[in-house]
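# Coordinates in review
For reference, the chains in residue letters:
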Amino acid sequence: MTVKIAMENLPQNSNLNEKLWVILKSFFHEKGLVRHQIDSFNDFIQNNMQEIIDDMPPVIANIPVNKNHTESEKIIENKIVIRFGQLHLSKPTFVEDDGIARTLLPKEARLRGLSYSSPLYCDVSTTKLNIYATEDKKQEVPYSRTIEKILIGRIPIMVKSRFCVLDKLLPRALLKFGECLAYPGGYFIINGSEKVIV
């Protein structure tokens, strides 16, 4: 009832109403209904995901010392420090039964019941610390190495986002790939089904 009273108190200026509808139509024509979701997903992939990895403390594992070797008699402690570095994400792919990876299209993911996802790789550096007992002090001897692009999992890709194969394609190319021109994107394909986050 209060909403009805509030609406009745508004000035009934048809010119103002027409201008508001023109503004709304131009906004939705330019931005669409899902642009904010696509922009948010792009920001998460390009910035936030790396920030999460950068904020993670290193993983430290203590390894028992093997006393069977003569060299290890001086070693009193072994530690391995694992640090996660730069993330790498490629376009969506699918590995066929014969082991060949190829680009995955949204239409193919829908038809074959696949998830439209990309492999996520991370550079990982490991440092092994051998801690020796020398006279009255401890001495750390580090051995470091970095392994680039270790597969750590797959991440679903939002259709028509920056990492989608349909990104920035012209209408003719979209039709060639079997995509509907009216689909604005902004959804995921999981096991062949389209999923939307609301």
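Bear in mind the structure is a predicted one, so any value in this text is a computation, not a measurement.

### A few points about the confidence of the model for the protein chain
Chain-level statistics for the protein chain give a pLDDT mean of 83 and a share of 86% at 70 or above. For the protein chain, helix α1 (residues 2-9) is the element with the lowest average pLDDT, namely 49, and strand β7 (residues 188-190) is the one with the highest, namely 95.

### A short note on the packing of aromatic side chains
Applying the stated criterion across every chain yields a total of 2 aromatic pairs. With a centroid separation of 6.3 Å and an interplanar angle of 85°, the aromatic rings of Tyr183 and Tyr187 are classed as edge-to-face. Taking relative accessible area as the criterion, Tyr183 reaches 35% and is therefore assigned partly exposed. A cation over an aromatic ring shows up here: Arg162 above the ring of Phe163, its NZ or CZ 5.3 Å from the ring centre.

### With respect to the environment of Tyr132
Relative to the helices and strands, Tyr132 is located in strand β5 (residues 117-134). On the basis of relative accessible area, Tyr132 is assigned to the buried category, the value being 18%. Placed 58 residues apart in sequence, Tyr132 and Lys74 show a C-alpha to C-alpha distance of 5.5 Å.

### Considering unusual backbone geometry
The backbone of Lys160 shows a phi angle near 75°, a positive value even though the residue is not glycine. Mapping Lys160 onto the fold places it in the loop between β6 (137-156) and α5 (171-176). Backbone geometry places Lys168, a non-glycine residue, at a positive phi of 65°. Here Lys168 shows up in the loop between β6 and α5. Classification of Lys168 by relative accessible area gives exposed; the value is 76%.

### Concerning the pattern of salt bridges
Within the structure shown, the criterion is met by 7 salt bridges. Of the charged contacts, one joins Arg112 and Glu96 as a salt bridge, the two residues approaching to 3.2 Å between their closest N and O atoms. In this pair, Arg112 is assigned in helix α4 (residues 106-112) and Glu96 in the loop between β3 (93-95) and β4 (101-103), connecting sequence segments 16 residues apart. With a closest N to O distance of 2.8 Å, Glu108 and Arg112 form a salt bridge.

### Section: the nonpolar core
The biggest cluster of nonpolar side chains holds 26 residues, and the ones touching the most others in it are Ile45, Leu89, Tyr116, Ile157 and Val159. When contributions to this core are tallied by element, the ones reaching two or more residues are α3 (35-55), β2 (75-89), β5 and β7. With 5 residues, α3 is the largest single contributor of residues to this core.

### Focus on the environment of Glu96
With sequence-adjacent residues up to four places away left out, Glu96 is seen in contact with Arg102 and Arg112. Of note is the side chain of Glu96, whose polar atom sits 3.2 Å from the side chain of Arg112.

Rules used in this analysis
Numbers given for residues are sequential positions, taken from 1 along each chain in its written order. Only residues with pLDDT of 70 or above have their local features reported here, since the model is predicted, and side-chain atom pairs are shown and tallied only from 80 upward, although totals for entire chains, interfaces and linings are computed over all residues. To obtain the side-chain values, all non-hydrogen atoms of the structure were included, while hydrogens and water were left out. Residue-level confidence of the predictor, termed pLDDT, takes values from 0 up to 100. In this text, helices come from DSSP runs of H or I with a minimum length of four residues, and strands from runs of E with a minimum of two, each type numbered from the N-terminal end. Each Phe, Tyr or Trp ring (for Trp, its six-membered ring) is paired with any other whose centre lies within 6.5 Å, and the angle between the two planes then decides the class: stacked below 30 degrees, edge-to-face above 60, tilted in between. For every residue, the accessible area obtained with a 1.4 Å probe (protein chains only) is divided by the maximum for its type, and the residue is called buried under 20%, exposed over 50%, and partly exposed between those limits. Placement of a positive charge over a ring is assigned whenever Lys NZ or Arg CZ falls within 6 Å of the ring centre and within 35 degrees of the normal to the ring plane. Any Lys or Arg side-chain nitrogen found within 4 Å of a carboxyl oxygen on Asp or Glu counts as a salt bridge. Nine residue types can take part in a nonpolar core, namely buried Ala, Val, Leu, Ile, Met, Phe, Trp, Tyr and Cys, and a core is a set of them joined through side-chain atoms within 4.5 Å. By definition, residues are in contact when any of their heavy atoms lie within 4.5 Å. By the criterion applied in these results, polar contacts are pairs of N or O atoms within 3.5 Å in which, for protein atoms, one can donate a hydrogen and the other can accept it, and in which residues neighboring in sequence qualify only through two side-chain atoms.

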